[in-house]
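Read off the chains here:
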Amino acid sequence: MEQNRRILNYTLAITLFSTVLTSAAPLVATFVDGLFVGNMLGGEAFNAINVILPISNFIAVLTLICSMGGSVLAAKAVAARDEEKARKIFTISGISAFGVAALSTALMYLFMDSFASFVCSDEASLPYFKDYLGVLLVYFLFLPLNSVLNNFISQEGFPGFTTKVVIAANVLNILMDVLFMCVFHMGVKGAALATVISGAVNSAAYIPFFLKGKSRYRLVRLHSGDIPLLKNTIIQGVAFNVFYLMVNALVFFANRLIMGALGSAGMQIFGVCIQLQSLTFCIAVGEVLGGIAQVTRLQGAAMNKSIAYVIRRLIQFTVVCYGLLLVVMTAFPAAVASMFGISSPEVLGMCRFPFFCFSAYYLCFAILAVYTTISFQLMGHVSAKFFFIFGLGFAVYFLMLLLSKVSAGLLWWGFPLGGLIMLSSAVVYGYSKHREYPGLTLFTLVDRMPDEVVMERTLSYDCKELPEMMKDLKLFTAICELPESVYNGIELCCNEYCDYLREFPVPFIARSFNIFFREIADGISMVIESAGSPHTIIMDEETRKRVLENKGDLSQPEIRQLMLATIPDSIEYRYMFGLNVTTMTWKK
């Protein structure tokens, strides 16, 4: 078990590093915009930026729903060798993402004055709001292109390339902020223009990847019969982005409530909270994406104790990160607020209590997002995840609204109270399922399995460790009392896979892949987890046919029986966020 945990810790750390870094890059630029505007233009401009932030994020998540849902479905189509279907999904993702962004942009442009008056109730911040949003509308047209291309390029096995592009574009954004705001003194228009330029550069870096033929994806003609693909794309995307939708909806409505109850001072305090949430949101997103990838491949191996271990590690990591944020915001409120140009002694003196309330809520939200996605959604309890995530938003806002009727200052209590209520409810739900079905491990909703023989190995992509692993596997099959034919079948599959990897090297940050062997009730299961483009090289129908044709005379029943015994009795393939998980089972 100790060896298993070392492998789990290593693969989890690598996955989290990649997903958190990719998620952080676009959020850092928003954070830097807030720093520049708050320090150079004052509280009114800072409030305007923070009112626009949830609107911008909401449009971004709508495009993300289309792109992420499409990339997952396209990967399954590629794995099934259905290139035409994969290209249709790519086309649908691109059209739908651009459609929602273009429609949102057009409506805000046509009704700018009415929209600005409705969203930004502070008269002093209204001119800054219009100036910033007026330029930022152009950026919204680049959002769908960047979102779709980023997800599909990453899905094809090039996450390193997309990470570099995103980081480079956001470094450019920061440099443009310095140039336009500090040198040319363009104010909020300069901050928005910097964002537009970085978005355009991001798109310019991705487009040649497709024009030069490096990608399998192309825009194709669609027909009315392809409508179900759009539905499935949206369903898949919403399932993984529901917490993102809730957060931005809550911030949008909380902005209006706080502005009306506490005025500009309260809005500045909440603006700091929004900026810090935007910066640190990448941790929760990275944990969800990384956790999904890890738990998906462990599900394929039915390694339930390892799943429970990964969930515990993710929750521990969440508590440490967001607990640290709570401590910093509560212990040093004046220092945190001063980072964004807040200098009024009155406002600085009010910060500690709101910061504590918000960071406590944010800790509850992060735990709930990770727990419900990894533990509920992947175990089939999707409706429960939706209920608790949206329930958190409703609970927080309802309590804020109710408490504001008693006293304006009490509305901050709505954040931690709503967070604690919904997090406790989710834990109670998990416990109730454990009580209802004793075969479920406490709080994880993972089937509890008896202790079984398990072997895990990590191999480099040149497979130099393969001979040593096969020696260990010989002993493993003997311990499990498996026939020689099963060992031969596994050896054949491993050799096929290694030949494939030598011929088609995998461009990925991790230069190794994992193989898991597990004794099951009537045989053995083997799970191969690797990174990169979707593929099912292991014993697909074509490979089966080649094995049967080349390995014996099928006219002889005993030869046919021997050859069929080397082929797995069942094969299951999954592709999720850069990880290929192929599960094969042989019966005794």
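Residues numbered from 1 in each chain as written. Predicted model: local features only at pLDDT ≥ 70, side-chain atom pairs only at ≥ 80, totals over all residues. Heavy atoms only, no water.

Re the overall build of the chain
Counting its secondary structure elements, the chain contains 18 helices and five strands. Here the chain holds 588 residues, and 57% of them are scored as buried. For the chain, the accessible area works out to roughly 24,200 Å², and carbon and sulfur atoms hold 65% of it. (Helix = DSSP H or I, 4+ residues; strand = E, 2+ residues; numbered from the N terminus. Buried < 20%, exposed > 50% of the residue type's maximum accessible area, 1.4 Å probe, protein only. Areas by Shrake-Rupley, 256 points an atom, 1.4 Å probe, with all protein chains shown as cover.)

With respect to a nonpolar patch on the surface
On the surface, a cluster of nonpolar side chains totalling about 590 Å² of accessible area is made up of Phe353, Phe356, Val406, Leu410, Trp413, Leu417 and Ile421. Of all the elements in the fold, those that place two or more residues in the nonpolar patch are helix 12 (352-376) and helix 14 (414-436). Mapped onto the elements of the fold, Trp413 is located in the loop between helix 13 (382-406) and helix 14. Taking the relative accessible area as the measure of exposure, Trp413 reaches 35% and is therefore partly exposed. (Patch = residues over 30% accessible without salt bridge, like charges linked within 9 Å, V, L, I, M, F, W, Y side chains within 5 Å. Salt bridge = Lys/Arg side-chain N within 4 Å of Asp/Glu carboxyl O.)

Some words on the nonpolar core
By size, the foremost hydrophobic cluster in this structure holds 82 residues, and its most contacted members are Phe243, Phe270, Phe355, Tyr361 and Phe365. At 28 residues, helix 8 (residues 227-300) tops the list of elements feeding residues into this core. Apart from the residues lying within four places of it in its own chain, the contact partners of Phe243 are Phe281, Val285, Val288, Phe365, Ala369, Thr373, Lys385 and Ile389. Counting 34 residues, the second-largest nonpolar core is a separate cluster that includes Phe36, Phe129, Ala191 and Phe252. (Core = buried A, V, L, I, M, F, W, Y, C linked by side-chain atoms within 4.5 Å. Contact = heavy atoms within 4.5 Å.)

With respect to the environment of Asn146
For Asn146, the location among the structural elements is in helix 5 (residues 126-155). C-alpha of Asn146 to C-alpha of Val201: the two residues are 55 residues apart in sequence and 9.8 Å apart in space. In this structure, Asn146 is in contact with Gly199, Asn202, Ser203 and Tyr206, ignoring residues within four places of it in sequence.

Structural notes on helix 4 (residues 112-119)
Burial in helix 4 covers these residues: Met112, Ala116 and Val119. Along the axis of helix 4, the buried residues cluster in a sector spanning 75 degrees; they form a single face. Away from the buried face of helix 4 by more than 90 degrees, exposed residues Asp113 and Ser114 are located. (Arc of directions from axis to C-beta.)

Some words on the state of the cysteines
Counted under the stated rule, the structure contains one disulfide. Disulfide pairing is shown between Cys463 and Cys498; the S-S distance is 2.5 Å. Its torsion about the S-S bond being -95 degrees, the disulfide of Cys463 and Cys498 is classed as left-handed. Remark: Cys498 occurs in helix 16 (residues 484-503) and Cys463 occurs in the loop between strand 1 (454-460) and helix 15 (466-479); sequence separation between them is 35 residues. Its sulfur unpaired, Cys273 is 8.2 Å from the next cysteine sulfur, which belongs to Cys351. For Cys321, which is in no disulfide, the shortest distance to another cysteine sulfur is to Cys282 and amounts to 9.2 Å. Residue Cys321 is classed as partly exposed on the basis of its relative accessible area of 21%. (Disulfide = S-S within 2.5 Å.)

Focus on the side chain of Asn202
Within the secondary structure layout, Asn202 lies in helix 7 (residues 187-211). Apart from the residues lying within four places of it in its own chain, the contact partners of Asn202 are Asn146, Val165, Val166 and Ala169.

Description of the packing of aromatic side chains
Taken as a whole and assessed by the stated rule, the structure comprises 37 aromatic pairs. These aromatic residues form a ring-pair network of at least three members: Phe243, Tyr244, Phe270, Phe281, Tyr322, Phe358, Tyr361, Tyr362, Phe365, Trp412 and Phe415. Its end group placed over the ring of Phe118, Arg256 keeps NZ or CZ at 4.4 Å from the ring centre. A cation over a ring is seen here: Lys474 above Tyr487, with NZ or CZ 4.3 Å from the ring centre. (Phe/Tyr/Trp six-rings, centres within 6.5 Å; stacked < 30°, edge-to-face > 60°. Lys NZ or Arg CZ within 6 Å of the ring centre and 35° of its normal.)

Structural notes on unusual backbone geometry
A positive phi is found at His185, a non-glycine position, where the angle reads about 55 degrees. Take His185: it is sitting in the loop between helix 6 (159-183) and helix 7. The exposed category is assigned to His185, whose relative accessible area is 61%.

Structural notes on the side chain of Asn57
Residue placement: Asn57 occurs in helix 2 (residues 43-79). Apart from residues lying up to four places away in sequence, Asn57 is in contact with Tyr244 and Asn248.

What about the pattern of salt bridges?
What the rule picks out here adds up to five salt bridges. Measuring nitrogen to oxygen at the nearest pair gives 3.3 Å for the salt bridge that ties Asp226 to Lys88. You can see Asp226 sitting in the loop between helix 7 and helix 8 and its partner Lys88 sitting in helix 3 (residues 83-110), a full 138 residues away along the chain. The exposure classification of Asp226 matches that of Lys88, with both residues buried.

A short note on the packing of helix 5 against helix 7
Where helix 5 meets helix 7, the axes come as close as 8 Å, and the angle between the chain directions of the two elements is 20 degrees. The angle between helix 5 and helix 7 places the two elements in the roughly parallel class. Every pair of crossing elements has a handedness; the one defined by helix 5 and helix 7 is left-handed. (Axes fitted to C-alpha atoms, helices over the stretch in contact; angles between N-to-C directions. Parallel < 35°, antiparallel > 145°, perpendicular 65-115°, else oblique. Left-handed = near helix turned anticlockwise from the far one by under 90°.)

Some words on the confidence of the model for the chain
Looking at the chain, the pLDDT average stands at 83 and 82% of residues meet or exceed 70. Across the chain, helix 10 (residues 333-338) holds the top mean pLDDT of 95, while helix 18 (residues 557-565) sits lowest at 45. This model gives residues 551-555 a pLDDT under 50, and the stretch forms five contacts once residues within four places in sequence are excluded. Across residues 557-565 the pLDDT falls below 50, and counting only partners more than four positions away or on other chains, this stretch makes eight contacts in the model. (pLDDT = per-residue confidence, 0-100.)

Some words on the environment of Met267
Examined against the element boundaries, Met267 turns out to sit in helix 8. Sequence separation between Met267 and Val51 is 216 residues, and the spatial gap between their C-alpha atoms is 9.2 Å. Those residues within four positions of Met267 in sequence are excluded, and the remaining contacts are Asn47, Asn50, Val51, Asn255, Ile258 and Met259.

Regarding the packing of helix 5 against helix 6
Each pair of packed helices can be summarised by the angle the axes make with each other and by the distance between the axes. Remark: helix 5 packs on helix 6, axes separated minimally by 7 Å, with the N-to-C direction vectors making an angle of 150 degrees. The orientation of helix 5 with respect to helix 6, classified from their angle, is roughly antiparallel. Residues Asn150, Ile153 and Ser154 of helix 5 touch helix 6, and the partners they reach there are Pro159, Phe161, Thr162 and Val166. Residue composition of the contact of helix 5 with helix 6, grouped by class: four nonpolar, three polar and no charged. (Nonpolar A, V, L, I, M, F, W, Y, C, P; charged D, E, K, R; others polar.)

Description of the pairing of strand 2 (residues 512-520)
Burial of strand 2 is extensive: eight of the nine residues sit out of reach of the surface. When strand 1 meets strand 2, the two strands line up antiparallel, connected through seven bridges. Bridge pairing links Arg457 to Ile515 in strand 2. (Pairing = 2+ DSSP bridges.)

Observations concerning the environment of Cys182
Looking at the element boundaries, Cys182 is found in helix 6. Those residues within four positions of Cys182 in sequence are excluded, and the remaining contacts are Phe36, Met40 and Asp177.

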